[in-house]
Amino acid sequence: LLTGSTPFARKRLNEAAFDEMLRIIREEEPPKPSTRLITTDQLPGIAANRGLEPKKLSGLVRGELDWIVMKALEKDRNRRYETANGLALDLQRYLSGEIVEACPPSAGYRLRKFVHRHPTGIASAAGIVLVLASTVAFYTARLASERDRARAAPAHLVGSLFVLNHLGARDYAF
């Protein structure tokens, strides 16, 4: 209703096989209505139907209306409106200038979704980080050991010279 089109391009869904169409609907995130409006060549006609300037229509849809629509289209059932009445109440709050229940997903939620969609890539990246961290720790410990040994060497030589001097071996040159 806001953009004059469905969340996914009708042509794309019509050309896709049934299984591909289901995959698109289940896995791909639809664009926000404001994004959809900006990228469509039908914006002037849609705005004229609503008696608005195209730029003003895009601005009205951006923000809270985007959030409301995206919550209604959310893939995760726990993040969607529980009922149609919940959607209606949020729209009423928007129209009344009140705070809407819908809001963009948090960074933590997006991270969990990303990890869930790409478990192999995340495991590979974690393995690489672990190997790099282990390598850095190993070489850091080795450098610290060599540094301590280098610091101890002059003291050892001074001690050896002290012993040699007291034993009467003054003719030895180092």
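Below you will find a few notes about this structure.

Basis of the calculations
- Residues numbered from 1 in each chain as written.
- Predicted model: local features only at pLDDT ≥ 70, side-chain atom pairs only at ≥ 80, totals over all residues.
- Heavy atoms only, no water.
- Helix = DSSP H or I, 4+ residues; strand = E, 2+ residues; numbered from the N terminus.
- Buried < 20%, exposed > 50% of the residue type's maximum accessible area, 1.4 Å probe, protein only.
- Contact = heavy atoms within 4.5 Å.
- Phe/Tyr/Trp six-rings, centres within 6.5 Å; stacked < 30°, edge-to-face > 60°.
- Lys NZ or Arg CZ within 6 Å of the ring centre and 35° of its normal.
- Core = buried A, V, L, I, M, F, W, Y, C linked by side-chain atoms within 4.5 Å.
- Salt bridge = Lys/Arg side-chain N within 4 Å of Asp/Glu carboxyl O.
- Patch = residues over 30% accessible without salt bridge, like charges linked within 9 Å, V, L, I, M, F, W, Y side chains within 5 Å.
- Areas by Shrake-Rupley, 256 points an atom, 1.4 Å probe, with all protein chains shown as cover.
- Lys, Arg positive; Asp, Glu negative; His and termini not counted.
- Arc of directions from axis to C-beta.

So, the overall build of the chain
1) Next: What the chain contains, in helices and strands, is 9 helices and 0 strands.
2) Next: Counting from the amino terminus, the chain carries its helices and strands in the arrangement α-α-α-α-α-α-α-α-α.
3) Next: Looking at the chain residue by residue over its 174 residues, the buried ones come to 17%.
4) Next: Relative to all contacts within the chain whose residues are 6 or more apart in sequence, the contacts with residues 24 or more apart total 54%.

Examining the packing of aromatic side chains
1) Next: The full count for this structure, using the stated rule, is 1 aromatic pair.
2) Next: Both rings, one in Phe-138 and one in Tyr-139, keep their centres 5.2 Å apart while their planes meet at 75 degrees; by these two values the pair is edge-to-face.
3) Next: Lys-71 extends its terminal NZ or CZ atom over the ring of Tyr-81, reaching a point 4.8 Å from the ring centre.

What to know about the nonpolar core
1) Next: Among the nonpolar cores identified, the biggest contains 6 residues, and these are Leu-37, Leu-43, Ile-46, Ala-47, Leu-57 and Val-61.
2) Next: If you list the elements that add at least two residues to this core, you get helix H4 (43-49) and helix H5 (54-61).
3) Next: With 3 residues, H4 is the largest single contributor of residues to this core.
4) Next: When sequence neighbours within four positions are dropped, the list of residues in contact with Ala-47 reads Leu-52, Glu-53, Pro-54 and Leu-57.
5) Next: By size, the runner-up hydrophobic cluster in this structure holds 5 residues, among which are Leu-65, Ile-68, Val-100 and Ala-102.

Describing the pattern of salt bridges
1) Next: The tally for this structure, following the rule as stated, stands at 10 salt bridges.
2) Next: In this structure, Glu-28 engages Arg-12 in a salt bridge whose closest nitrogen and oxygen atoms are separated by 2.8 Å. Placement of Glu-28 in the loop between helix H2 (18-27) and helix H3 (33-39) and of Arg-12 in helix H1 (residues 10-15) is noted, with a sequence separation of 16 residues between them.
3) Next: Arg-12 gets classed as partly exposed once you look at its relative accessible area, which sits at 37%.
4) Next: A salt bridge links Arg-23 to Glu-27; the shortest N-O distance between them is 3.7 Å. Taken as a pair, Arg-23 and Glu-27 lie in helix H2 at a separation of 4 residues, close to a single helical turn.
5) Next: You can call Arg-23 partly exposed: its relative accessible area is 26%.
6) Next: With relative accessibility at 46%, the residue Glu-27 sits in the partly exposed group.
7) Next: What emerges from the salt-bridge pattern is a single network uniting Arg-12, Glu-20, Arg-23, Glu-27 and Glu-28.

Here we look at a nonpolar patch on the surface
1) Next: Taken together, Leu-111, Phe-114 and Val-115 make up a surface patch of nonpolar side chains, about 260 Å² in accessible area.
2) Next: Relative to the helices and strands, Val-115 is located in helix H8 (residues 107-117).
3) Next: By relative accessible area, Val-115 is classed as partly exposed at 35%.

Remarks on the side chain of Asp-66
1) Next: Position of Asp-66 among the secondary structure elements: in helix H6 (residues 64-72).
2) Next: Although Asp-66 is buried, it forms no salt bridge, and the closest oppositely charged side chain is Lys-32 at an N-O distance of 5.1 Å.
3) Next: Beyond its immediate sequence surroundings of up to four residues, Asp-66 is in contact with Lys-32, Pro-33, Ser-34 and Val-61.

Section: H5
1) Next: Looking only at H5, the buried set comprises Leu-57, Ser-58 and Val-61. When H5 is viewed along its axis, its buried side chains cluster within an angular range of 100 degrees and face the same direction. Turned more than 90 degrees off the buried face of H5, the exposed positions are Lys-55 and Lys-56.
2) Next: Where H5 is buried, its residues touch H3, H4 and H6.
3) Next: Just downstream of H5 lies Gly-63, where phi reads positive at about 100 degrees.

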